[in-house]
Amino acid sequence: MERGLTAWLLRISGLRKLRGQTLLKIGVVLVLSFIAMAIICGPRGLEQYGRFPGIPPYNPAKSYAELPRLSPPTAKNWMGTDHLQRDVFSRVLAGGWAPLAVAFASIALAMSVGSLVGWISGYIGGWPDRAFSLTMDAIYSFPSMILAIALVAVMGSGLIPMIASIAFVYVPTYFRITRAEVLRVREYTFVEAARATGASGWRILIRHIAPNTVNAIMAVSSFNIADAILTEAALAFLGYGLPPPAPDWGFDIQNGQRYLQSGYWWLITFPGLAILFLSLGFGLIGEGISDLLNPKRRRKHLL
Amino acid sequence: MSGVTRYILQRLALTVPMVFILVSVVFLVLRVMPGDPVLAMLGGRNVSPELIAQKRHEMGLDKPLHIQYVEYIGGLIRGDLGRSTRTGKPVGEELISRLPATLELAIWGMLFAALFGIPTGILAAVRADKPTDHVIRVLHIGSFALPIFWVGLMFQVIFAVKLGWLPVASRLSGRFAFSFQRITGFYLLDAMILGDKEVLVDVVKHLVLPGVTLGLAQMGFLGRVTRAAMLEVLDAEYVTTARSKGLAERLVILRHALRNALIPIITVFGLQFAMLMGGAVLTETVFSWPGIAGFLIQSLYYRDWWALQGTIAFIGVFVTTVNLVVDLLYSVIDPRVRY
Amino acid sequence: MRKTILMLAVLAFSAWALAASDVLVLGTIDRITELSFENSYDHFTWHILRHTTKALVGMEPGTNKIIPSIAQSWEISDDGLVYTFHIRPGVVFWDGTPCNAQAVKWALERTIRLNGPEGGVFLIADVIKSIEVVDELTVKITLNYPDATFLIRMTDNVIPSLIYAGAPENEFAQGRYVGTGPYRIVEYVPDERVVLEAVPTYFGPAPKTKRIVWVIYANEAALRAAVEAGDVDIAFRTFNPVDIVDLQKNPNLQVVRGPSVSIRYLLFNVTQPPVDNPLVRQAIAYAVDRDAICERVFSGLNSPIYTMVPEGLPPAGSAIPVFPKRDLQKARELLRQAGYSETKPLEVNLWYTPTHYGTTEADVAAVLKQSIEETGLAKVNIQSLEWAAYVKRMSQGGFDMFLLGWYPDYLEASNFLAPWTTESPESLGTFFNRHPRYPVYKELMTKALTTIDEAERAKIYQEIQRMSAEDVPWIPLWANYQQAYLVAQKNVKGIVLDLTMEPHLDLLYKE
């Protein structure tokens with residue numbers, strides 16, 4: 001694995017000054033600040049609230065009798081308060097934990113499972129390969145959002161069901177990438193050579209084919225994380241997210257929806273912006289990585 | 001056998017098992033999951049074991065799994081999707097009556113996406129690597145970083161609640177709802193057939209927000225594809241020739257470049273359908289749009305197995321068919337593609 | 001061809017010559033499940049059914065006293081086992097067939113025989129032993145056991161008691177029937193609208209409005225928008241609480257609140273640790289903050305309750321508030337007594353379902369968690385399951401502490417006490433049948449149900465409520481008023497809301 005990964009790290013480490021890197025930089029800054037916020041304010045911070053004085057300003061999970069109910073943004077509550085007399089700003093700061101955890105975990109899971117099955121399937125070939133491909137195509141062609149919702153509804157709400165269902169949706173993506181790469185690389189002479197020297201099938205698989213697929217996978221995964229964040233938000237919006245009173249942007253938007261017609265705009269605006277910026281951050285990183293990996297493709301920016 | 005015919009047959013041969021796999025997965029998953037449709041229906045009141053057993057029998061749930069499966073697949077082949085336990089009506093009927101709503105929404109979403117995606121894509125390609133291009137590019141990426149349900153809600157807050165320009169949700173105002181007659185189920189078309197201008201305006205007003213919401217994410221995607229396709233074509237020989245002939249740049253772009261770039265754009269347009277259906281779930285939820293996706297969400301809440309299986313199978317068949325048709329169209333449109 | 005017919009129907013509809021005040025448009029977000037007496041069990045379907053046909057006895061709008069309906073009088077035998085009903089002469093179904101003793105017998109027997117799995121037929125089927133035709137206008141019903149609630153069960157508030165004709169012998173009615181009520185259904189488009197038209201042959205006072213249109217809206221937001229825009233004359237069931245607060249400020253609308261018999265409460269499985277300890281249950285009863293729930297989650301629209309029996313439910317004087325007001329100090333004392341401390345807090349699960357009681361349920365759980373944890377001696381883990389899984393796990397005894405709601409099957413206090421204690425403690429998750437005092441409850445309940453005298457019966461119900469405050473198998477939390485609010489345009493008159501929690505359509509009219 002090292003070869004591809006090192007090369008990739010070298011390339012994005014900024015040694016080569018490319019104009020497209022502005023996007024990458026913005027993306028990295030956005031994502032890192034959200035990650036930092038999630039670590040400081042996330043669920044572990046919830047239980048030991050007050051570890052970092054003033055961050056977030058209020059316990060995001062607690063109703064404060066002294067706070068007004070449904071107050072618009074003020075100097076004290078920058079993003080207003082919600083119907084349970086909680087501070088919206090604190091909830092927005094802490095609300096990134098669930099989307100980030102779910103997105104990272106689910107894509108990692110999808111990547112491992114998808115790639116592994118893809119390698120095996122592509123290498124073995126024959127009818128197992130056809131069966132795998134067909135199944136994966138069936139999943140892939142189905143609208144991913146609908147599939148994720150259906151699966152999570154089946155498994156119940158919470159962190160693990162969300163991770164599992166989103167991972168399931170992305171398995172075919174990695175399966176396809178890896179399998180295509182395996183088929184391509186299989187024809188390479190060095191594989192032939194390795195085979196001629198008597199290396200076992202599995203050895204060839206790991207030593208030669210694995211590193212070559214890493215690049216393609218890295219480029220895709222950033223976009224997938226961006227997408228997974230939106231999916232998590234949608235699941236939480238539909239009520240399949242973390243148990244209350246844990247802050248979760250999508251769920252807070254669902255709550256805000258009840259107050260929409262009364263014009264309490266701040267309940268939905270701020271958590272939504274947070275989702276948008278986090279997802280955008282990963283989108284920009286994905287764009288930056290594609291540029292770096294394929295300088296030639298830069299002008300065309302195909303997905 | 002001609003190449004195209006063989007290709008169609010090949011694709012069909014692949015589509016059938018794909019749908020079959022999808023349906024089987026759904027069937028199995030539903031039976032593995034916790035929660036019992038019978039108990040959900042009876043709702044925790046004075047439920048006697050006999051009543052549960054009786055209902056289970058009526059729904060065929062007391063039969064062994066493989067027999068249930070064979071019966072279900074048999075029904076599917078005959079076009080019988082079973083009966084919804086929530087509404088008591090055949091699932092097929094439910095889906096057909098809801099399809100126009102979803103399609104109407106999808107068409108408007110697509111139209112919006114095309115209206116804004118293609119021109120901005122062209123503009124970005126023409127001004128490649130200039131500030132205009134960068135701005136458009138970020139907008140395009142931003143457009144699919146948008147949480148679609150949130151966009152819908154923000155539109156409602158701004159345009160319905162604060163400004164009062166457009167209705168919050170649904171397909172038609174209540175004052176028309178009870179006298180409105182569905183003819184095709186496409187309300188826009190129905191309103192035109194009925195010839196009532198007031199109703200027509202009302203229908204259009206109701207379509208704007210959900211249509212734009214659904215179209216926004218597609219816009220970015222389409223814009224990027226347009227840009228890429230245009231760049232490729234603009235570099236091509238015939239465009240250079242046209243330029244050297246001294247044709248006006250605008251004419252070159254519109255007449256020569258765009259026409260050729262349209263082929264991949266149209267393809268992507270069709271392939272986006274799966275994505276569009278996914279977005280439709282959330283759009284329909286937020287705007288209380290009485291379509292297929294909303295039906296799916298309701299069925300999930302009520303553990304309505306037959307409705308769920310049927311809807312997922314339906315969406316699967318629908319999306320695969322659209323993909324197939326687009327693929328075939330592509331082979332017809334583009335003379336370079338040979339099978 | 002079909003299109004032409006539809007077009008003609010449209011033309012007919014628009015040319016339709018009724019004056020505007022003859023039509024009343026109502027909006028709701030409720031849905032009709034199935035128009036079958038023997039196979040439906042939900043508020044809106046029952047509302048429509050009972051406006052199209054009547055039962056032997058009725059309830060007076062506004063007071064819920066039992067009044068004559070199809071039967072103009074009745075006698076009860078001394079042992080309480082035989083009820084003889086005398087049918088009002090001249091009652092006819094829409095098609096003109098007379099409603100006689102034979103028709104009553106046929107309808108009731110058919111309902112009981114078909115007993116749909118989704119219906120509430122058990123409400124009358126368990127108690128009725130036989131139905132006999134004595135003469136053309138006299139019918140005699142014999143019971144299996146004396147039941148003080150029998151007449152209440154025979155009112156048109158309990159749909160299986162309705163008398164109808166013309167329904168298929170061995171299939172669910174699904175809208176195929178003729179009734180005796182003030183209205184008949186002229187159009188029903190699922191999820192869109194139901195149109196009712198006054199029936200000239202109705203034996204009661206003629207309905208004030210000829211045509212009633214129920215428009216079915218997709219959600220709360222759409223319903224609110226409709227009544228604000230004047231699209232509907234009346235909007236009913238269900239508003240977001242905050243929307244009602246807003247609408248009350250609207251000078252063009254009238255907002256009417258009726259009584260509520262819809263209650264919410266916490267239940268315990270009394271066999272599950274740690275809540276098998278009565279001290280723990282009592283402590284939680286002291287700790288729960290009902291006011292915070294009502295104010296924060298429901299914008300002050302719902303009201304705290306301190307007993308399971310709703311105010312005003314027959315028999316008169318049944319309801320007595322027995323549960324304590326919030327007292328954190330007392331809660332702490334009880335928890336310490338049970339052996340818990342700051343370092344060894346009580347750990348308890350709180351279960352809720354996000355898919356049955358609306359999106360506010362998660363907030364309710366959050367507020368409850370905080371209010372119990374404010375003792376400083378408890379830690380509450382919130383857990384959720386969607387409704388189907390929730391019900392299953394509940395009946396298996398898998399919850400220690402959980403949220404549930406009740407809407408009555410029939411309007412009598414026993415329906416708010418018996419189900420959890422004596423009727424079905426296991427399927428409702430309390431497993432109270434294994435509680436040491438269970439036999440006492442059972443005995444009291446049996447006695448109450450055979451006590452015809454209302455004052456006497458009320459006393460027994462009071463005793464059961466007092467005991468429940470000591471044993472705490474439940475903690476009553478609040479009464480739902482969200483569904484008791486009716487919002488109407490200013491010119492709508494005749495709005496009567498009572499314990500049935502629905503408007504009486506035949507009394508409504510527009511000025």
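What counts, and at which threshold
Residues numbered from 1 in each chain as written. Chains lettered and ligands numbered in written order. Predicted model: local features only at pLDDT ≥ 70, side-chain atom pairs only at ≥ 80, totals over all residues. Heavy atoms only, no water. Helix = DSSP H or I, 4+ residues; strand = E, 2+ residues; numbered from the N terminus. Buried < 20%, exposed > 50% of the residue type's maximum accessible area, 1.4 Å probe, protein only. Contact = heavy atoms within 4.5 Å. Areas by Shrake-Rupley, 256 points an atom, 1.4 Å probe, with all protein chains shown as cover. Axes fitted to C-alpha atoms, helices over the stretch in contact; angles between N-to-C directions. Left-handed = near helix turned anticlockwise from the far one by under 90°. Nonpolar A, V, L, I, M, F, W, Y, C, P; charged D, E, K, R; others polar. Pairing = 2+ DSSP bridges. Salt bridge = Lys/Arg side-chain N within 4 Å of Asp/Glu carboxyl O. Expected span 1.5 Å × (residues − 1). Arc of directions from axis to C-beta. Domains from an automatic or database assignment. Buried area = accessible area lost by both parts, 1.4 Å probe. pLDDT = per-residue confidence, 0-100. Bend = angle between axes of the 7 residues up to and from the residue. Patch = residues over 30% accessible without salt bridge, like charges linked within 9 Å, V, L, I, M, F, W, Y side chains within 5 Å. Polar contact = N/O pair within 3.5 Å; in protein donor to acceptor, adjacent residues only side chain to side chain.

1. Details of the overall build of chain A
Thought 1: Of regular secondary structure, chain A possesses 12 helices and 0 strands.
Thought 2: Going from the N terminus to the C terminus, chain A shows its helices and strands as α-α-α-α-α-α-α-α-α-α-α-α.
Thought 3: By the burial criterion, 59% of the 303 residues in chain A qualify as buried.
Thought 4: Considering only contacts in chain A between residues 6 or more positions apart, those separated by 24 or more positions represent 68%.
Thought 5: With an accessible surface of roughly 12300 Å², chain A has 67% of that area assigned to carbon and sulfur atoms.

2. Remarks on the packing of helix α5 (residues 91–126) of chain B against helix α6 (residues 131–143) of chain B
Residues and elements named next belong to chain B.
Thought 1: One can describe the packing of α5 onto α6 by two numbers: an axis separation of 8 Å at closest approach and a directional angle of 140°. Viewed along their axes, α5 and α6 form a crossing whose handedness is left-handed. On the side of α5, the interface is formed by T120, G121, L123 and A124, while α6 contributes T132, D133, I136 and H140.
Thought 2: Here the residues of the contact of α5 with α6 are counted per class, giving 3 nonpolar, 4 polar and 1 charged.

3. Observations concerning the sheet that holds strand β10 (residues 211–216) of chain C
Residues and elements named next belong to chain C.
Thought 1: Across the sheet, 7 strands lie side by side as β8-β9-β10-β1-β11-β19-β12; this open sheet has mixed pairing. Because the sheet does not close on itself, it has two edges, and the strands there are β8 (183–189) and β12 (253–257). Taken pair by pair, the neighbouring strands of this sheet meet at an average axis angle of 20°, ignoring direction.
Thought 2: Sheet topology places strand β11 (residues 234–236) next to strand β19 (residues 485–489); 3 bridges connect them, and they run antiparallel. Directly across from A235, in β19, lies its bridge partner V487.
Thought 3: Across the face of the sheet, helix α2 (residues 43–52) comes into contact with β1 (23–28), β8, β9 (193–198) and β10 while running at roughly 140° to β8.
Thought 4: Sheet strands touched by helix α7 (residues 241–248): β12 and β19. Its angle to β12, the strand with the most contacts, is close to 130°.

4. Considerations on the pattern of salt bridges
Residue and element names in this part refer to chain C.
Thought 1: Applying the stated criterion across every chain, the model contains 37 salt bridges over all chains.
Thought 2: Its salt-bridge partner being R50, residue E502 comes within 1.9 Å of it at the nearest N-O pair. In this pair, E502 is assigned in the loop between β20 (492–493) and β21 (509–510) and R50 in helix α2, connecting sequence segments 452 residues apart. Taken individually, E502 and R50 each receive the classification buried, so the pair is uniform in this respect.
Thought 3: Note that R437 is salt-bridged to D471, the shortest N-O span being 3.1 Å.

5. Things to note about helix α14 (residues 438–449) of chain C
Residue and element names in this part refer to chain C.
Thought 1: Taking 1.5 Å of rise per residue, 12 residues should cover 16 Å, and α14 covers 17 Å from first to last C-alpha, within 8% of that figure.
Thought 2: Turning to α14, its buried residues number three or more, namely Y438, Y441, L444, M445 and A448. All buried residues of α14 project into a common sector of 130° when viewed along the axis, lining one side. Seen from the open side of α14, the exposed residues pointing more than 90 degrees away from its buried face are P439, E443 and K447.
Thought 3: Summarising the contacts, the buried residues of α14 are in contact with α13 (418–423) and α15 (454–471).

6. Quick look at unusual backbone geometry
Residues and elements named next belong to chain C.
Thought 1: Residue T238 follows R237 across a cis peptide bond; omega there is 0°.
Thought 2: For the bond from P273 to P274, the omega torsion is 0°, close enough to zero to count as cis.
Thought 3: Mapping P274 onto the fold places it in the loop between β13 (263–268) and α8 (278–287).
Thought 4: Despite not being glycine, R237 has its phi angle at roughly 55°, a positive value.
Thought 5: Residue placement: R237 occurs in the loop between β11 and α7.
Thought 6: A positive phi angle, close to 50°, is found at F431, a residue other than glycine.

7. A word on the domain arrangement of chain A
Residue and element names in this part refer to chain A.
Thought 1: Taken as a whole, chain A is organised into domain 1 (23–43 + 58–95 + 249–303) and domain 2 (98–233).
Thought 2: Listed as interface residues are 17 residues of domain 1 and, on the opposing side, 14 residues of domain 2.
Thought 3: Roughly 1300 Å² of surface becomes buried between domain 1 and domain 2 when both sides are summed, with 79% attributable to carbon and sulfur atoms.
Thought 4: Looking at the side of domain 1 facing domain 2, the largest losses of area belong to S279, F282 and L293, adding up to 36% of the total buried there.
Thought 5: For the interface between domain 1 and domain 2, the tally reads 0 salt bridges.
Thought 6: Here the element with the most residues in the side of domain 1 that touches domain 2 is helix α12 (residues 266–293); it accounts for 11 residues.

8. A short note on the confidence of the model for chain B
Residue and element names in this part refer to chain B.
Thought 1: The predicted model of chain B has a mean per-residue pLDDT of 80, with 84% of residues at 70 or higher.
Thought 2: Across chain B, the element-wise mean pLDDT spans from 63 in helix α2 (residues 37–42) up to 93 in helix α7 (residues 148–162).
Thought 3: Reported confidence for the predicted complex is 0.85 by ipTM and 0.86 by pTM.

9. Topic: the sheet that holds strand β4 (residues 71–76) of chain C
All names here are of chain C.
Thought 1: Here 4 strands make up an open sheet; going across it, the order is β4-β5-β7-β6 and the pairing antiparallel. Looking at the sheet topology across the chains shown, the edges are occupied by β4 and β6 (128–135). The mean angle between the axes of side-by-side strands here comes to 20°, regardless of whether they run parallel or antiparallel.
Thought 2: Where strand β5 (residues 82–87) and strand β7 (residues 138–143) come together, 5 bridges link them in antiparallel fashion.

10. Considerations on the pairing of strand β16 (residues 378–384) of chain C
Residue and element names in this part refer to chain C.
Thought 1: Burial of β16 is one-sided: the residues A378, V380, I382 and S384 facing one way are buried, the residues K379, N381 and Q383 facing the other way are not.
Thought 2: When strand β15 (residues 346–352) meets β16, the two strands line up parallel, connected through 7 bridges. Its bridge partner lying in β16, V348 is registered against V380.

11. Topic: the environment of C:E423
Residue and element names in this part refer to chain C.
Thought 1: Looking at where E423 falls in the secondary structure, it is placed in helix α13.
Thought 2: Overall, the relative accessible area of 40% leaves E423 in the partly exposed class.
Thought 3: Sequence separation of E423 and R110 is 313 residues, and the distance between their C-alpha atoms is 26 Å.

12. A few points about helix α13 (residues 273–286) of chain B
Residue and element names in this part refer to chain B.
Thought 1: With 14 residues, α13 ought to run about 20 Å at 1.5 Å a step, and its terminal C-alpha atoms sit 20 Å apart, in line with that.
Thought 2: The axis of α13 is deflected most strongly, by about 25°, at A280.
Thought 3: Here α13 lies mainly inside the structure; 12 of its 14 residues are buried.
Thought 4: Three or more residues of α13 are buried, namely F273, A274, L276, M277, G278, G279, A280, V281, L282, T283, E284 and V286.
Thought 5: Once α13 ends, the next one or two residues include S288, with phi positive near 45°.

13. Section: a nonpolar patch on the surface
All names here are of chain B.
Thought 1: Among the surface-exposed residues, L28, V32 and L65 lie close enough to one another that they form a single nonpolar patch of about 290 Å² accessible area.
Thought 2: Inspection of the secondary structure puts V32 in helix α1 (residues 3–32).
Thought 3: Judged by its relative accessible area of 66%, V32 falls in the exposed class.

14. Let's talk about the confidence of the model for chain A
All names here are of chain A.
Thought 1: Chain-level statistics for chain A give a pLDDT mean of 82 and a share of 78% at 70 or above.
Thought 2: Per-element confidence in chain A ranges from a low mean pLDDT of 51 for helix α1 (residues 2–12) to a high of 93 for helix α11 (residues 249–257).
Thought 3: In the model, residues 13–19 has pLDDT below 50 throughout and makes 8 contacts with residues more than four positions away in sequence or in other chains.
Thought 4: Throughout residues 297–303 the model reports pLDDT below 50, and contacts reaching past four residues in sequence, or to other chains, amount to 24 contacts.

15. Quick word on the side chain of A:Q261
Thought 1: Within the secondary structure, A:Q261 sits in the loop between α11 and α12.
Thought 2: A distance of 3.5 Å separates a polar side-chain atom of A:Q261 from the backbone oxygen of C:A221.
Thought 3: Sequence-distant contacts of A:Q261, that is, excluding residues within four places in its chain, are made with B:V161, B:V168, C:A221, C:R224, C:A225 and C:D243.

16. Notes on the interface of chain B and chain A
Thought 1: Taken residue by residue, the interface counts 51 residues in chain B and 47 residues in chain A.
Thought 2: When chain B packs against chain A, close to 4700 Å² is buried across both sides, 75% of that on carbon and sulfur atoms.
Thought 3: Of all residues in chain B, B:R137, B:F149 and B:W150 give up the largest surface area on contact with chain A, accounting jointly for 13% of the area buried on that side.
Thought 4: Where chain B packs against chain A, one counts 2 salt bridges.
Thought 5: Put simply, A:E287 and B:R224 hold a salt bridge, and the shortest N to O gap is 2.9 Å.
Thought 6: Connecting chain B to chain A are 4 residue pairs in polar contact (both at pLDDT 80 or more).
Thought 7: Mapped by element, the contributors of at least two residues to the side of chain B that touches chain A are α1, α6, α7, α10 (197–235), α13, α14 (292–301) and α15 (305–333) of chain B.
Thought 8: Ranked by residue count, the leading element in the side of chain B that touches chain A is α7(B), at 8 residues.

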